[in-house]
Amino acid sequence: MSSNTLRMSTLFLRTLREDPADADVDSAKLLQRAGYIRKAAPGIWTWLPLGLRVLNKIEEIIREEMASIDAQEVHFPALLPREPYEATHRWEEYGDNIFRVKDRHQADYLLAPTHEEMFTLLVKDMYSSYKDLPVTLYQIQTKYRDEFRPRAGLIRGREFIMKDAYSFTIDEEGMRKAYMDERGAYERIFNRLDLKYVPVFAMSGPMGGSASEEFLAPMAIGEDTFALAPSGKAWNVEALTTPEPAEIDCSATPAATKRPTPDAGTIERMVEFANATYPREDGRAWEAADVLKNVVVAVKHAEDDAHDKPWRELVVVGVPGDRTVDMKRLEAQFAPAEIEEATEEDLKAHPELVKGYIGPMALGPQARGDAEIGSAEDTAIRYFIDAHVAKGSAWYTGADEAGVDYYDLVYGRDFAADGVVEAVEVRHGDMSPDGSGPLSFERGVEIGQVFQLGLKYSKALGLTVLDQNGKAVPVWMGCYGIGVSRVLACIAETHHDEAGLAWPSVVAPAQVHVVATGKDEKAFEGAERLIAELEEAGIEVIYDDRKKVSPGVKFKDAELVGVPVIAVLGRDFVNDGTIEIRDRDGGNMVAVPASEALAELAKRVA
Ligand code: ATP
Ligand code: MG
């Protein structure tokens, strides 16, 4: 019998009563138990009929929204040659995260982790004029990443399905428009999928710009932390900027004094010593937050105009003593240079860095005097100050002599810095970048990302078009990804209870789960009639037509599979012709005569 209805008697399905031993999150447990996916290898999954139905529905919604912004679908191979990835350095940059393969002639290939290179080359191949632009292309395709720790089922796989779109425009303004179009489509897609999301600024572009945003589905199992402001805006930790703290009036702060602070090379010892020896006049105790900690960092620069090989620069960063340096955030301040902790050898080469007593007075502007920065006369180590340090604030800090510290050394009065940097870990209660109030931190799973690429790939791969004046100009690009298989898992993760999955109607494998129970053929005949009506009305059905399976097992399976509405034809139907209809969660139960069942079901499905 050919119909759209999935019949449990023949459906390729085995539900499991027990959680698979190695499933670490609810979606991974339930998708396997309910027969949507099976594990093939760590991070590699087989799609079963039910899983494919849901996947296809998610893809269809994505396709509709891509069409609504005039993005055109193409499809690339997953197996790609090395050369384009060599040209953009990603063959190396991806490191161990990429699957590399050799063909029989020993030529290098890779299983694509993402497709910027191929899209860029395709447009280069086919287009040559500004008149061809703008264009946005996308695909829904299998990606490969040799993730260090595949986990959480489909959420972090090594083979997974991604929608990746790429926009090509003649100028920056066009790129921004394409970006906003794509972003709008993302909001519609996630809303339609009933998936909660937070757009998170992923980069501190100028003016808090949106050079990249990640769409995170907030949930405790997420691996990404984001910072949420009372305004509802959100940032990832790398992108957080600290608004300039209000200047402190230091007119009453006494002049800075040097005092012996022997054997106090750590903040703990400094605080202890000062409390024992120099009690504060304002009555409160000295705290770590009163100490300005000066951290020596080595910046590893690439070659530049003044250096014919990569070079290493020591810098010192002043941070409040109650905060810890975040090397990732700090490194972003020196990008593209990389940073690392200074070594003993670094310190030895600079006698002005007195271990345990490093202070700002021997560094930066105060040490440089009139020498021009970067000139041969300038021997001062550059000094940076963390963004949380307010102008006018008084500090207890090193005096660049062993056993001696400064007290009441005021930033902006006694010393200055060569620059303000984001150097420390952000924490709960810090002021949000938009000044709307204190930040809180939450966890989420990245379900998509929109990215203004600019000219990076078009320059690396030579994608130019002729502009209105006949001049060859590089094309502005954006790229936009959605983790399709991850989205499916996130919907499952946020739509379930102890009994099983509970899909939103738009993505459920069917809208109605019809269960016939008992030994009496009448129930099964009634179910067939109901199904014919539902099919006629375009409603998708899973029908549990299994004979010799107990009602209890059938109900358990229905709840596990997670179709939103359940219709039961059992003893009541045989006795008085009524069909019991309820929602997946057991709510809204009614018993209606068979003649009214279609109307009742259609109402719930709509
Ligand atoms: P993550 O930080 O989670 O590793 P990413 O930022 O490296 O992700 P992108 O390169 O931005 O990922 O890929 C686009 C989208 O593909 C992501 O937003 C995510 O939804 C999805 N994705 C990335 N890696 C995986 C994976 N290993 N398994 C499933 N989906 C993934
Ligand atoms: Mg990403």
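Quick note: structure is the one above.
A few points on the structure. The residue numbering used here restarts from 1 in each chain and proceeds along that chain's sequence as written. All chains are assigned letters beginning at A, and all ligands numbers beginning at 1, according to the order in which they are written. Only residues with pLDDT of 70 or above have their local features reported here, since the model is predicted, and side-chain atom pairs are shown and tallied only from 80 upward, although totals for entire chains, interfaces and linings are computed over all residues. With hydrogens and water stripped out, all remaining heavy atoms of the structure feed into the side-chain values.

Let's shift gears to the overall build of the chain. Summing up its helical and strand segments, the chain has 16 helices and 32 strands in all. Here the C-alpha atoms of the chain give a radius of gyration of 31 Å, more than 25% beyond the 25 Å that 2.2 N^0.38 yields for 606 residues. Its C-alpha atoms put the chain at 95 × 70 × 45 Å along the principal axes. Relative accessible area decides the class of each residue, using a 1.4 Å probe on protein chains only: under 20% of the type maximum gives buried, over 50% gives exposed, and in between gives partly exposed. Within the chain, buried positions represent 50% of all 606 residues. Any pair of residues with heavy atoms lying within 4.5 Å of one another is described as a contacting pair. Expressed as a percentage of contacts within the chain between residues at least 6 apart in sequence, the contacts between residues at least 24 apart total 69%. Here, Shrake-Rupley sampling with a 1.4 Å probe gives the accessible areas, and only protein chains in the shown set may cover a residue. Within the structure as shown, the chain displays about 28500 Å² of accessible surface, and the carbon and sulfur contribution to it stands at 51%. Under the counting rule used here, the positive set is Lys and Arg, the negative set is Asp and Glu, and His together with the chain ends is not counted. Note that the charge is assigned to NZ on lysines, CZ on arginines, CG on aspartates and CD on glutamates. Within the chain, one finds 68 positive and 103 negative side-chain charges whose respective centroids are separated by 6 Å. Numbering goes from the N terminus for both helices and strands, where a helix is a DSSP run of H or I of at least four residues and a strand is a run of E of at least two. For the radius of gyration, the atoms used are the C-alpha atoms, and the globule rule reads 2.2 Å times the number of residues raised to 0.38.

The near set for a molecule or strand comprises every residue that places at least one heavy atom within 4 Å of it. The full set close to ligand 1 counts 14 residues, and Arg145, Glu147, Arg156, Gly157 and Glu446 are the nearest of them. N or O atoms closer than or at 3.5 Å make up a polar contact, with two conditions inside protein: a donor-capable atom paired with an acceptor-capable one, and, for residues adjacent in sequence, both atoms drawn from side chains. The contact in question runs from an oxygen atom of ligand 1 to an N or O atom on the backbone of Ile447, over 3.2 Å. Between Arg486 and ligand 1, the recorded distance is 3.0 Å, taken from a side-chain N or O atom to an oxygen atom. Isolated, ligand 1 exposes 580 Å² of accessible area, and the fraction of that covered by the protein chains is 82%. Secondary structure elements with two or more residues in the shell around ligand 1: β9 (159–169) and β22 (440–454). Here the element with the most residues in the shell around ligand 1 is β22; it accounts for four residues. Amino acids outside the nonpolar list (Ala, Val, Leu, Ile, Met, Phe, Trp, Tyr, Cys, Pro) and the charged list (Asp, Glu, Lys, Arg) are all regarded as polar, and Gly is one of them. Of the residues belonging to the shell around ligand 1, the class tally is five nonpolar, four polar and five charged.

Moving on: the packing of helix α1 (residues 26–33) against helix α12 (residues 484–494). With axes taken as lines fitted to C-alpha atoms, and helix axes fitted only over the stretch in contact, angles between N-to-C directions fall between 0 and 180 degrees. The interhelical angle for the contact between α1 and α12, taken along N-to-C directions, is 95 degrees, at an axis separation of 8 Å. Our classification of the angle between α1 and α12 gives roughly perpendicular. Within the contact between the two elements, α1 uses Asp26, Ser27 and Leu31 and α12 uses Leu488, Ala489, Ala492 and Glu493. Residues that form the contact of α1 with α12 fall into these classes: four nonpolar, one polar and two charged. Our angle categories are set so that under 35 degrees counts as roughly parallel, over 145 as roughly antiparallel, 65 to 115 as roughly perpendicular, and the remainder as oblique.

This next bit is on the nonpolar core. Counting residues in each nonpolar core, the largest one holds 62 residues, and the members touching the most others are Tyr36, Ile58, Phe190 and Trp503. Viewed by domain, this core spans two of them, domain 1 (26–240 + 440–493) and domain 3 (510–605), each represented by three or more residues. When neighbours within four sequence positions are excluded, Trp503 is seen to be in contact with Leu31, Tyr36, Val54, Leu488, Ile491, Ala492, Ala508, Pro509, Val561, Gly562 and Pro564. By convention a nonpolar core is built from buried Ala, Val, Leu, Ile, Met, Phe, Trp, Tyr and Cys residues, the set being connected through side-chain atoms within 4.5 Å. Domain borders in the structure are assigned automatically or taken from a domain database.

The next subject is unusual backbone geometry. With omega at 0 degrees, the peptide bond leading from Leu133 into Pro134 counts as cis. Locating Pro134 in the fold gives a position in the loop between α5 (116–126) and β8 (135–144). The peptide bond linking Ala335 to Pro336 adopts the cis configuration, its omega dihedral lying at 5 degrees. Here Pro336 lies in the loop between α8 (327–334) and β17 (338–341). Positive phi outside glycine occurs at Ala152, with the angle close to 55 degrees. Within the secondary structure, Ala152 sits in the loop between β8 and β9.

Glancing now at the sheet that holds strand β18 (residues 382–386). Note on pairing: DSSP must find at least two bridges between two strands before they are called paired. Strand order in the open sheet made by the five strands is β17-β15-β16-β18-β21, with mixed pairing throughout. The sheet is open, and its two borders are formed by β17 and β21 (419–421), each paired with just one other strand. Put simply, the sheet's adjacent strands are angled 40 degrees from each other on average, direction ignored.

The next subject is the side chain of Thr120. Tracing the backbone shows Thr120 in helix α5. The class of Thr120 is buried, set by a relative accessible area of 0%.

To continue, consider the pairing of strand β16 (residues 311–320). Moving residue by residue along a regular strand, the side chains alternate between the two faces of the sheet. Counting buried positions over the ten residues of β16 gives eight, a clear majority of the element. Inspection of the sheet shows strand β15 (residues 292–301) paired to β16 by ten bridges, in the antiparallel sense. The partner of Lys300 across the bridge, within β16, is Arg312.

Here we take up the packing of aromatic side chains. For any pair of aromatic rings, the description rests on two quantities: the centre-to-centre distance and the angle between the ring planes. Any Phe, Tyr or Trp ring, taking Trp's six-membered ring, that has another such ring centre within 6.5 Å forms a pair; planes under 30 degrees apart are called stacked, those over 60 apart edge-to-face, and the others tilted. The tally for this structure, following the rule as stated, stands at 18 aromatic pairs. Considering the side-chain rings of Phe201 and Trp235, the 5.8 Å spacing of their centres and the 45 degrees angle between planes classify their relative orientation as tilted. A residue pair is termed long-range when its members are at least 10 positions apart, and Phe201 in strand β10 (residues 198–201) and Trp235 in strand β13 (residues 234–236) qualify at 34 residues. A relative accessible area of 15% means that Phe201 is categorised as buried. Aromatic side chains Tyr396 and Tyr407 sit 4.4 Å apart centroid to centroid with 20 degrees between the ring planes, which places their arrangement in the stacked category. A residue pair is termed long-range when its members are at least 10 positions apart, and Tyr396 in strand β19 (residues 394–401) and Tyr407 in strand β20 (residues 404–410) qualify at eleven residues.

Turning next to the pairing of strand β31 (residues 578–583). The element β31 is extensively covered by neighbouring structure, given that five of its six residues are classed as buried. Alignment of strand β30 (residues 565–569) against β31, held across four bridges, turns out to be antiparallel. Directly across from Val568, in β31, lies its bridge partner Glu580. Of the strand pairs in this sheet, β31 and strand β32 (residues 590–593) are connected by four bridges, and their pairing is antiparallel. In the sheet register, Ile581 faces β32, and the bridge partner there is Val590. Hairpin connection, β31 to β32: the antiparallel pair is bridged by six residues, and Gly586 has positive phi, about 90 degrees.

As a further point, take the pattern of salt bridges. A pairing counts as a salt bridge when a side-chain nitrogen of Lys or Arg comes within 4 Å of a carboxyl oxygen of Asp or Glu. Applying the stated criterion across every chain yields a total of 55 salt bridges. The closest approach of N and O atoms between Arg192 and Glu65, which form a salt bridge, is 2.9 Å. Of the two residues, Arg192 sits in helix α6 (residues 172–192) while Glu65 sits in helix α2 (residues 49–68), which places them 127 residues apart along the sequence. The salt bridge involving Asp418 is made with Arg368; its shortest N-O contact spans 2.9 Å. Placement of Asp418 in the loop between β20 and β21 and of Arg368 in helix α10 (residues 364–368) is noted, with a sequence separation of 50 residues between them. Owing to a relative accessible area of 25%, Asp418 belongs among the partly exposed residues under this scheme.

Read these as layout, nothing more, since geometry by itself doesn't imply function.
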